[in-house]
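# Architecture at a glance
Each chain, letter by letter, is given below.
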Amino acid sequence: MWRRDPQLDHAIERDKPYKICSKVVKEVLNEPGQVIPLRYLENRRERLRLNVRISTFLNRNPALFDVYQDRIKPKSEPVRFVRVSHRLRNFLEEEKRIVLENEGWIVSKLCKLLMMAKDKVLSVDKLVHVKREFGFPNDFLVNLVPNYPNYFRLIGPPEEGKSFLELVEWNPEFAKSIIEQRAEDEFGLTGIRIRPNFYYKLPPGFFLRKEMREWIRDWLELDYISPYVDVSHLDQASQEMEKRTVGVFHELLSLSLFKRIPVPILGKFSDEYRFSSAFSSVFTRHSGIFYMSLKGGIKTAMLREAYKDSELIQRDPLLEIKDKFVQLLEEGWQERQEQLRLQREEVKKNRVMMALGDGDTDGQESSREFDGQEVK
């Protein structure tokens, strides 16, 4: 049975402000000249899943954008426009540097995704849809793929929506899963060769019936099946196929930035990775390996071993981009808090001055009344 894990749910909830801000930034960056009338951006608020007005969002996140007056047409009245701030432009330059430094890792990720697919081919549309999950740059099809013709071949024009990315060369170094690499590393450290297998750790307060424990024990005893080997000969309903499917999910989540991917996104690759129609039950059946969060009304598959409480243990090098972006956001939040503090102090000071002024007036009136009284 599914059981809620508050710590892993918190990991998703904590990243919510970052993801919302990132969406709005990408929306503006995709505009010609990277500027947009504020009211146009307001009209897209529902699609961006923004629950506050754009003006409120801009006030809360002052480090991201500048607001200025301009005309949409030469003879129209000036309206408010939104453009990228100087500080955000500096961050975008940092992002390019981090991507360039980790280009080899990005290429290996892309190769691995293709190598796990049954025909070593994936739809460009689907790859674009998951680029944020794996940390691929926005322009990876234009500025990265053509630089590696020994690995990738683009079939069909991307603009028509019917193009595919095909693997050209099989690199044995890339055909090694995280689990297999972990077993090799262990052998290198201890000199003891261990079987590649999954870590199985049940969440706190989660207990299994005896028959379920026995089933898991027997299932773990099955040979590990690499997600990079051909399994066309396996029966889709066999336990061996399930072990391979778990291996594919483990590898996909391990390659993702946050070691978690929304289940609907994984479902888009059912044909390419040979998932059954009921593939999502794997995440609850193997709850010692995965966790399926229901936060935000979206099912999200998470890799348990990648987290300690709500913190990521295994950090992808591309997460430095997120760290830099969060730092930029926090600078803006701190500035806003300081401005609000100064405003509150100014209001308090004005109230004190008004109170003192009223007190002086009352004193003068009392003096006048006393002066006018008859003294007996």
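Please refer to the structure higher up on the page.
Let me sum up the structure you'll find in this document.

## Brief notes about a positive patch on the surface
A cluster of basic residues, Lys19, Lys23, Arg49 and Arg132, forms a positive patch at the surface. Note that Lys23 resides in helix H2 (residues 16-29). For Lys23, a relative accessible area of 33% puts it in the partly exposed group.

## Quick look at the nonpolar core
Nonpolar side chains in soluble globular proteins tend to be buried together. Counting 96 residues, the largest nonpolar core has Leu64, Phe65, Leu113, Phe152 and Tyr273 as its most contacted members. Here the element with the most residues in this core is helix H6 (residues 103-116); it accounts for eight residues. Among all residues touching Phe65, those that are not within four sequence positions of it are Val24, Val25, Val28, Phe57, Leu58, Val82, Arg83, Val84, Ser85 and Leu88.

## Some thoughts on the pairing of strand S8 (residues 290-293)
Side chains Phe290 and Met292 of S8 all project onto a buried face; the interleaved residues Tyr291 and Ser293 project onto the opposite face, where all are buried too. Pairing of S8 with strand S9 (residues 300-303) involves four bridges; the strand directions are antiparallel. Across the sheet, Tyr291 pairs through a bridge with Met302, a residue of S9.

## Focus: the environment of Lys26
One can find Lys26 in helix H2. Of the residues examined, Lys26 reaches a relative accessible area of 18% and is grouped as buried. Between the alpha carbons of Lys26 and Asn138 there is a distance of 9.6 Å; along the sequence they are 112 residues apart. If we skip the residues at most four places from it in the chain, Lys26 touches Arg132 and Asn138.

## Observations regarding the side chain of Thr300
Checked against the element boundaries, Thr300 lands in strand S9. Assessed through its relative accessible area of 9%, Thr300 is described here as buried. Once you skip the residues sitting within four places of it in the chain, Thr300 turns out to touch Ile12, Arg260, Ile261, Pro262, Val263, Tyr291, Met292 and Ser293.

## Considering the sheet that holds S8
With respect to topology, three strands assemble into an open sheet ordered S7-S9-S8, the strand pairing being antiparallel. Each having just a single partner strand, strand S7 (260-262) and S8 make up the two edges of the open sheet. Put simply, the sheet's adjacent strands are angled 20° from each other on average, direction ignored. Each of S7, S8 and S9 is contacted by helix H12 (residues 239-255), which is oriented at about 85° to S9, the strand it contacts most.

## A look at the sheet that holds strand S6 (residues 164-167)
An order of S4-S6-S5 is seen for the three strands of this open sheet, with the pairing classed as antiparallel. If you trace the sheet from one side to the other, it starts and ends with strand S4 (121-123) and strand S5 (152-155), each paired once. Here the strands of the sheet are splayed against their neighbours by 25° on average, with no regard to which way each runs. The pairing of S4 with S6 spans three bridges and is classified as antiparallel. For Val121, the partnering residue across the bridge sits in S6 and is Glu166. In the packing of H6 onto the sheet, contacts are made with S4, S5 and S6, and the angle to S6 comes to roughly 90°.

## Considerations on the environment of Leu8
Relative to the helices and strands, Leu8 is located in helix H1 (residues 6-14). Take Leu8: its relative accessible area is 3%, and that puts it in the buried class. The sequence separation of Leu8 and Phe283 amounts to 275 residues, and the corresponding C-alpha distance is 14 Å. Beyond its immediate sequence surroundings of up to four residues, Leu8 is in contact with Tyr291, Met302, Arg304, Tyr307 and Asp309.

The rules behind each value
Residues numbered from 1 in each chain as written. Predicted model: local features only at pLDDT ≥ 70, side-chain atom pairs only at ≥ 80, totals over all residues. Heavy atoms only, no water. Patch = residues over 30% accessible without salt bridge, like charges linked within 9 Å, V, L, I, M, F, W, Y side chains within 5 Å. Areas by Shrake-Rupley, 256 points an atom, 1.4 Å probe, with all protein chains shown as cover. Salt bridge = Lys/Arg side-chain N within 4 Å of Asp/Glu carboxyl O. Lys, Arg positive; Asp, Glu negative; His and termini not counted. Charge placed at Lys NZ, Arg CZ, Asp CG, Glu CD. Helix = DSSP H or I, 4+ residues; strand = E, 2+ residues; numbered from the N terminus. Buried < 20%, exposed > 50% of the residue type's maximum accessible area, 1.4 Å probe, protein only. Core = buried A, V, L, I, M, F, W, Y, C linked by side-chain atoms within 4.5 Å. Contact = heavy atoms within 4.5 Å. Pairing = 2+ DSSP bridges. Axes fitted to C-alpha atoms, helices over the stretch in contact; angles between N-to-C directions.

This is a description of form; function is not addressed.
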